[in-house]
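If you want the building blocks of each chain, they are given just below.
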Amino acid sequence: MSYEEAKKRYEALGVDVEAAMEKLKTVPVSLHCWQGDDVRGFDTDPSKPLTGGIQTTGNYLGRARTPEELMADIDKVLSLIPGTPKMNLHASYAIFEDGEWADRDKLEPKHFKKWVEFCKERGLGCDFNPTFFSHPKCDPLTLSSPNEETRKFWIEHGKACIRISNYLAEELGQPCTMNIWTGDGYKDVPADRMGPRVRYRESIDEILSEPYDFKKVKPCVESKVFGIGVEAYTVGSAEFALSYAAANKEKCIPLMDNGHYHPTEVVSDKIPALLAFFPEIALHITRPIRWDSDHVVLFDDETKEIAKEIVRCGGLDGRVDIALDYFDASINRISAWVTGYRNVQKALLSALLTPAEALKELQDTDQFTELMVRQEELKTMPFGEIWDEYCRRCGKPADGEWFPQIKEYEQKVLVNRK
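From a predicted model like this one, the values you see are computed outputs, not experimental measurements. (Residues numbered from 1 in each chain as written. Predicted model: local features only at pLDDT ≥ 70, side-chain atom pairs only at ≥ 80, totals over all residues. Heavy atoms only, no water.)

Draft legend 1. Representation of the side chain of Asn88. Within the secondary structure, Asn88 sits in strand S2 (residues 84-90). Only 2.9 Å separates the side chain of Asn88 from the side chain of Asn129, close enough to count as a polar contact. Among all residues touching Asn88, those that are not within four sequence positions of it are Ser30, Leu31, His32, Cys33, Trp34, Asp127, Phe128, Asn129, His284 and Ala323. (Helix = DSSP H or I, 4+ residues; strand = E, 2+ residues; numbered from the N terminus. Polar contact = N/O pair within 3.5 Å; in protein donor to acceptor, adjacent residues only side chain to side chain. Contact = heavy atoms within 4.5 Å.)

Printed below as a string of structure tokens:
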């Protein structure tokens, strides 16, 4: 079937295919830098293990070892993904020059100047994340530590990240979503559950006392159900993070990662629940397998449902800030990046091609039999032809065309990294 024939099929359902593609072209989706080097960053010894609930498995060839290699890999990714990508950095990706080094509480905007230059040359915005893990000052707690000195160090790190986020927003002319997540918690049953949460709340209060323009810098609080080494108790639980954001709407927004909940929970259902109360939310899209395993995003049912809820709730008009978050070292890292990003784009395009208003009318008028039939028939619509046309219009390869470029890059570039 040709694109024109597929387009007519959708138009018969009342879908404006051209408008859907044009809309998707404008939607920023953040590309996470940490897929390319297994969350190593540039501010600590890369031979040391990751800590703080972070773990990467696999040893596929070609991990980026320097800022130059990481940027080259990102450029390859950018050449293969449609839409409007945006960078997403962790504080541990500071780039130091001329032998300089600064600990995380002393980071400055200048340490991200190279990233700003990179983004400007490619017309990218940039989101940001404080790095509350893989550091000697994790004791193992950070913002919730009973040790005042430890807590102070990480509060200062958070404040530094506010300043860096403001720098990124002003330099690049796009809002910067700054996500606060820590792996704070306990391996076994704690004697005090409230104390760490009170300290965590007070620490975030101090971080957000750093001046910033909420229109430019969007601080988030991200929750998690549990992590490696914190199986019994997580300080920043879903209830904590959501309550904090609700109590501080004027200065932060909630962030949901769809790997950070119990396996029977789905974030697609949570999106409209939050948007009923919050003008804006942030979202990390990943693929959990049994737990927050950060597998590469697939074009699977939950990814499609997440996209549907974003579209139905008006999330593409600045209400949902979308980012990817996964890291797989067992396969070609660039292919992992591209596969996940293209799948999120596919899910959003599929959602935009859904006759949402017509389906809503069936629901509101109790026509549930027809609603089921229409929803099932949509699953066999000729979506692939529309997707390939969207890629062509973005100047990017269609499915079946891009993977040979990955293989060539691996043979010419990645095999030389020892």
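From this point, the discussion proceeds with the structure in view.
Draft legend 2. A look at the packing of aromatic side chains. A complete count under the given rule lists 13 aromatic pairs for this structure. With a centroid separation of 6.0 Å and 90° between ring planes, the pair formed by Trp402 and Phe403 is classed as edge-to-face. Over the aromatic face of Phe214 sits the side chain of Lys218, whose NZ or CZ is 5.0 Å from the ring centroid. (Phe/Tyr/Trp six-rings, centres within 6.5 Å; stacked < 30°, edge-to-face > 60°. Lys NZ or Arg CZ within 6 Å of the ring centre and 35° of its normal.)

Draft legend 3. Geometry of the environment of Ala329. Within the fold, Ala329 resides in the loop between strand S12 (320-324) and helix H10 (333-352). Ala329 sits in the buried class, given a relative accessible area of 0%. Each C-alpha atom of the pair Ala329 and Ile289 lies 16 Å from the other, and the pair is 40 residues apart in sequence. (Buried < 20%, exposed > 50% of the residue type's maximum accessible area, 1.4 Å probe, protein only.)

Draft legend 4. Representation of helix H5 (residues 148-172). Along its 25 residues, H5 runs 36 Å from first to last C-alpha, staying within 8% of the 36 Å computed at 1.5 Å per residue. When you tally the buried positions in H5, you get 18 out of 25 residues, the bulk of the element. Where H5 begins, the side chain of Asn147 points an oxygen toward the backbone nitrogen of Glu149, at a separation of 2.9 Å. Looking one or two places after H5, you find Gly173, whose phi comes out positive at around 70°. (Expected span 1.5 Å × (residues − 1).)

Draft legend 5. Examining the packing of helix H2 (residues 17-25) against H10 more closely. Look at H2 against H10: their axes get within 9 Å of each other, and the N-to-C directions meet at 140°. The two elements H2 and H10 meet at a crossing, and its hand is right-handed. Within the contact between the two elements, H2 uses Ala20, Met21, Lys23 and Leu24 and H10 uses Gln345, Leu348, Leu349 and Leu352. Considered class by class, the residues forming the contact of H2 with H10 number six nonpolar, one polar and one charged. (Axes fitted to C-alpha atoms, helices over the stretch in contact; angles between N-to-C directions. Left-handed = near helix turned anticlockwise from the far one by under 90°. Nonpolar A, V, L, I, M, F, W, Y, C, P; charged D, E, K, R; others polar.)

Draft legend 6. Seen up close, the state of the cysteines. Enumeration according to the criterion identifies zero disulfides in this entry. Here Cys161 is not cross-linked by a disulfide; its sulfur's nearest cysteine counterpart is in Cys176, at 9.7 Å. Unpaired in this structure, Cys252 has its nearest cysteine sulfur neighbour in Cys220, at a distance of 7.9 Å. Since its relative accessible area comes to 1%, Cys252 is described here as buried. (Disulfide = S-S within 2.5 Å.)

Draft legend 7. Highlighting the pattern of salt bridges. One pass over the structure, following the stated rule, counts 37 salt bridges. Here Lys308 and Glu305 are joined by a salt bridge, their closest N and O atoms 3.0 Å apart. Taken as a pair, Lys308 and Glu305 lie in helix H9 (residues 301-312) at a separation of three residues, close to a single helical turn. A residue is classified by how much of its surface remains accessible, and Glu305, at 28% relative accessible area, is partly exposed. One continuous salt-bridge network, built from bridges that share partners, spans Lys7, Glu11, Glu18, Glu389, Arg392 and Arg393. (Salt bridge = Lys/Arg side-chain N within 4 Å of Asp/Glu carboxyl O.)

Draft legend 8. Quick look at the nonpolar core. Counting residues in each nonpolar core, the largest one holds 117 residues, and the members touching the most others are Met87, Trp115, Phe128 and Leu349. At 11 residues, H10 tops the list of elements feeding residues into this core. Setting aside residues up to four positions removed in sequence, Leu349 forms contacts with Ala20, Met21, Leu24, Phe383, Ile386, Trp387 and Tyr390. (Core = buried A, V, L, I, M, F, W, Y, C linked by side-chain atoms within 4.5 Å.)

Draft legend 9. Structural detail: the pairing of S12. The buried fraction of S12 is high, at five of five residues. Judged by which residues are buried, S12 turns out to be covered on both faces: Val320, Ile322 and Leu324 on one side and Asp321 and Ala323 on the other are all buried. Note: strand S1 (residues 28-32) against S12, two bridges, orientation parallel. Looking across to S12, one finds that Val29 is bridged to Ile322. Relative to S12, strand S9 (residues 281-285) runs parallel, the two sharing five bridges. (Pairing = 2+ DSSP bridges.)

Draft legend 10. Up close: helix H4 (residues 113-122). Among the residues of H4, those classed as buried are Trp115, Val116, Phe118 and Cys119. The buried residues of H4 all sit within an arc of 160° when viewed along its axis, so they share a single face. In this structure, the buried side of H4 is in contact with helix H3 (67-78), S2, strand S3 (126-129) and H5. Directly after H4, the chain includes Gly123, whose backbone phi takes a positive value near 70°. (Arc of directions from axis to C-beta.)

Draft legend 11. Unusual backbone geometry, seen in detail. Following Asp139, the chain continues into Pro140 via a peptide bond in cis, with omega recorded as 5°. Checked against the element boundaries, Pro140 lands in the loop between S3 and H5. The backbone of Val39 sits at a positive phi, close to 65°, despite the residue not being glycine. As for its position among the elements, Val39 is in the loop between S1 and H3. With a phi close to 55°, Asp98 is a non-glycine residue in the positive phi region. Here Asp98 shows up in the loop between S2 and H4.

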